[in-house]
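Report on the structure
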Amino acid sequence: MTHQTTAPRLRTLVLLLLAVAGALLAAAGPASAHAALTGSDPAQGTVVDKAPTQVSLTFSEQVAMSDASLRVLDPKGTRVDTGEPTDVSGTTYAVRLHPGLPDGTYTVTYQVVSADSHPVAGAYTFSIGAPSATSVPASAQEAGGGVVGGLYGFGRYASYAGFIVMVGGAAFVLACWPAGAGVRVLQRLVVSGWLALTSATLFLLLLRGSYTGSGKLGDVFDLDLLGQVLQTKTGAALVSRLLLLAAAALFIAVLFGAYDKREDEEKRDLTFGLAIGGTVVAGGLAASWAMAEHASTGLQPGIAMPVDIVHLLAVAAWLGGLCALLTALYRAENPVEPSAVRRFSKVAFGSVIALLATGVYQSWRQLGSWSGFTETRYGQLLLVKIGLVALLVGIAWISRRWTARLAEPAASRQQQAATTEETAGAAATEERAGAAATEETAGAAALAERAGAAAAGRADSPGRERPAAEDQPAEITEAEAAEEASSEGAGAAERTGSTPGAGAAERAGSSTGTAKASPSEAESGPGAGDSGSGDAGAADSRRAAQLARQRAAVDAARQKRLRDADPNRSGLRRSVLAEAGVAVVLLAVTTALTSTEPGRTELDAKAATAAVASSDAAGAVTLDMSFDTGGANGKGVVSVDIDPARIGANEMHVYVTRPDGRAFDVPEVKVAFTLEAKSIGPLAITPDHITTGHWSAGGVQIPVGGEWQVAVTVRTSDIDQVTVSKNAQIG
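This write-up is about the structure you can find in this document. (Residues numbered from 1 in each chain as written. Predicted model: local features only at pLDDT ≥ 70, side-chain atom pairs only at ≥ 80, totals over all residues. Heavy atoms only, no water.)

From N to C terminus, the protein chain includes 17 helices and 18 strands. A burial count over the protein chain gives 41% of its 731 residues as buried. Taking contacts inside the protein chain between residues at least 6 apart in sequence as the whole, the part at least 24 apart equals 70%. (Helix = DSSP H or I, 4+ residues; strand = E, 2+ residues; numbered from the N terminus. Buried < 20%, exposed > 50% of the residue type's maximum accessible area, 1.4 Å probe, protein only. Contact = heavy atoms within 4.5 Å.)

This is the structure we're talking about:
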């Protein structure tokens with residue numbers, strides 16, 4: 001009854017958790033850009049006087065480009081670039097334009113692949129001379145979206161799940177329950193993880209070209225795209241994963257083949273080799289993610305990649321082992337040993353410690369500030385993941401308590417229950433034996449009565465001679481033999497589960513018939529007796545086999561009743577099932593997290609966009625500063641004009657006037673820009689003298705926006721000079 005009610009609940013819970021995981025994956029949407037556009041020349045929305053020779057884009061990290069990654073379209077939608085993007089300075093990429101472009105609004109579109117393997121797309125406009133009345137819509141392309149994007153996200157989830165189940169299940173068998181190598185359900189679990197990871201890897205390899213390119217489902221089987229994918233970092237990682245999966249297949253074959261058939265002493269020798277080989281293969285599989293995604297780019301990649309490998313292995317050991325334990329508790333024919341559960345509890349505790357240490361480092365690396373938890377989508381998903389991990393640790397603590405209770409008390413209760421059942425079985429056996437003896441006594445009395453009646457009939461028969469006196473004991477002996485055979489038949493029937501009375505009657509009839517056979521029948525009697533003995537032996541063999549099967553079924557049912565009746569084991573099963581449910585949702589959140597732009601990158605992109613917007617809105621900046629060098633004609637006013645006072649190139653004009661407002665020349669004027677908040681500068685600039693009291697400098701570069709200090713040094717003689725300064729918001 002317990003099993004029948006538990007199974008529907010288990011199926012309902014699994015379906016509910018899968019629905020939640022699917023909803024989380026669907027809500028994740030297309031992969032967010034992990035490389036952000038931080039600058040462009042010409043800038044977005046600007047109007048330039050003459051046609052530029054090239055268009056350049058600056059990203060927050062290195063990106064991969066093809067000939068079609070960066071395009072410039074004229075007002076009619078015609079492509080006006082040469083189609084050969086070049087790497088200018090690591091994160092800045094440019095494409096040259098055809099000469100003699102007419103006035104109008106031009107559209108710049110880009111679709112690239114970031115260093116962590118995710119597609120990035122966007123578009124903006126600029127104008128030459130004046131904006132045109134008609135321009136190409138600058139709607140950004142959807143990178144990694146649509147049907148292909150959804151399928152790619154599902155493939156990523158399946159690959160993570162397969163890796164966790166395969167590695168964690170094998171580790172559970174090898175480190176916690178070596179006897180589980182012969183359990184069929186655990187073998188199926190690990191093999192299904194291998195199949196899921198292999199299928200998902202092939203699936204991702206086929207989808208990769210369309211995912212980072214056109215996004216069309218029809219391009220999935222394009223061999224040209226597949227060839228291009230194989231030349232990328234992600235393609236190489238997927239191919240390496242397939243090669244490592246071949247080695248993993250060999251490991252699984254040895255684990256569930258030769259290892260399972262070895263004796264305990266031989267298993268200990270083989271365990272060390274399997275542990276080393278399995279760790280190498282699992283580490284290589286984890287590295288196929290670490291070397292192609294978040295950890296491979298950004299801050300401290302040399303430290304981040306090993307940390308990411310340890311993080312993935314810890315997740316697999318904990319959650320994958322949890323799946324193996326859950327399967328063994330619910331589906332295994334042989335009960336899981338309490339010592340195996342205790343060993344897994346220790347493995348899970350060590351995995352949690354590793355997850356906490358590596359997770360703290362990864363959070364700092366990807367966010368960079370506390371505000372990133374609430375201001376970025378990555379940080380919000382990370383908070384959800386932290387909450388789920390905390391919930392999982394809490395349930396795991398409950399499971400540890402059930403594990404502690406399962407050790408000694410369970411063994412004593414099982415022995416007590418077995419003793420009680422044996423006592424009840426012995427009582428039932430005695431009762432059946434008494435009933436059989438009573439029935440045998442009644443059968444013997446009936447036989448004796450029938451034998452007496454037969455003797456009286458023969459004595460009264462006139463056509464038959466009365467037997468000699470010495471022959472009577474022989475007939476009595478035959479009756480006694482029949483009675484004894486009847487008793488033996490009843491005992492055998494009782495042992496084989498047959499009806500005692502039926503067996504006794506059958507054998508008694510056979511014996512009586514033999515005793516009263518005619519002389520002609522006696523001549524053929526031995527052959528018939530041999531045939532009857534052979535049939536009886538075959539029937540006894542069949543009954544013995546049936547009895548053995550019944551006893552095995554009864555023993556298995558008794559073992560299951562004992563396991564189900566143990567409250568500690570039932571409590572452990574419920575808590576492990578709850579852990580597995582939370583793990584399914586946690587894996588979905590983690591998959592969505594790996595497809596989301598890191599918080600540090602998102603904050604940097606927002607700051608750059610805000611700086612450009614503020615610089616566009618600010619316009620020219622004019623600073624007036626009075627000076628006095630102390631010498632003759634040492635007093636005056638110096639004015640500095642900065643146009644357009646934004647990040648990038650600016651025009652600077654310096655004017656020097658007397659206190660009465662008349663322009664006059666001084667021997668030297670120098671300007672320096674300093675951004676103390678970010679320890680930038682001083683950036684010294686020496687303007688060119690244009691006319692009386694007027695100096696100018698073009699192309700003054702302001703690298704970042706902020707509160708800049710503008711310092712002007714004015715020299716009125718060989719020995720008289722002074723430096724005056726003011727702050728201005730630039731960018």
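What follows continues from the structure just given.
The pairing of strand S1 (residues 37–41) with strand S3 (residues 54–59) spans four bridges and is classified as antiparallel. Considered in S3, the bridge of Ser 40 is made with Leu 57. Where S3 and strand S7 (residues 92–96) come together, five bridges link them in antiparallel fashion. Bridge assignment links Thr 58 to a residue of S7, and that residue is Thr 92. (Pairing = 2+ DSSP bridges.)

Our focus in this paragraph is the pattern of salt bridges. It is possible for side chains of opposite charge to pair when their charged atoms get near one another. Scanning the model with the defined rule gives five salt bridges in all. Across the salt bridge formed by Arg 715 and Glu 668, the nearest N and O atoms sit 3.1 Å from each other. With a gap of 47 residues between them, Arg 715 in strand S17 (residues 706–715) and Glu 668 in strand S13 (residues 668–675) connect regions that are remote in the sequence. For Glu 668, a relative accessible area of 28% corresponds to the partly exposed category. For Arg 715, the salt bridge identified is with Asp 718, shortest N-O distance 3.7 Å. A residue is classified by how much of its surface remains accessible, and Asp 718, at 73% relative accessible area, is exposed. (Salt bridge = Lys/Arg side-chain N within 4 Å of Asp/Glu carboxyl O.)

Moving on to helix H9 (residues 338–367). In an α-helix, one full turn covers 3.6 residues, which means residues spaced three or four apart are oriented alike. For H9, which comprises 30 residues, the first-to-last C-alpha distance of 42 Å matches the rise-based estimate of 44 Å (1.5 Å per residue) to within 8%. Gly 368 sits one or two positions beyond H9 and adopts a positive phi of about 85°. (Expected span 1.5 Å × (residues − 1).)

On to the sheet that holds strand S14 (residues 680–685). Reading across the sheet, the four strands line up as S14-S13-S17-S18 and stay open at both edges, with antiparallel pairing between neighbours. At either end of the open sheet lies a strand with only one pairing partner, and these are S14 and strand S18 (721–730). Across this sheet, the average inter-strand angle for adjacent strands is 20°, counted without regard to direction. Where S13 lies against S17, seven bridges are found, and the strand directions are antiparallel. Of the residues in S17, the one forming a bridge with Thr 674 is Gln 709. (Axes fitted to C-alpha atoms, helices over the stretch in contact; angles between N-to-C directions.)

To continue, consider empty space enclosed by the protein. Inspection of every chain in the model, using the stated rule, returns two cavities of 30 Å³ or more. Roughly 140 Å³ of volume is contained in the largest cavity. Lining the largest cavity are 15 residues; nearest its centre among them are Tyr 152, Thr 234, Leu 238, Arg 241 and Glu 293. (1 Å grid on protein atoms, 1.4 Å probe; cavity = no way out; pocket = protein on both sides within 12 Å on 5 of 7 lines; lining within 4 Å. Points joined across faces, edges and corners; volume = space filled by probe spheres on them.)

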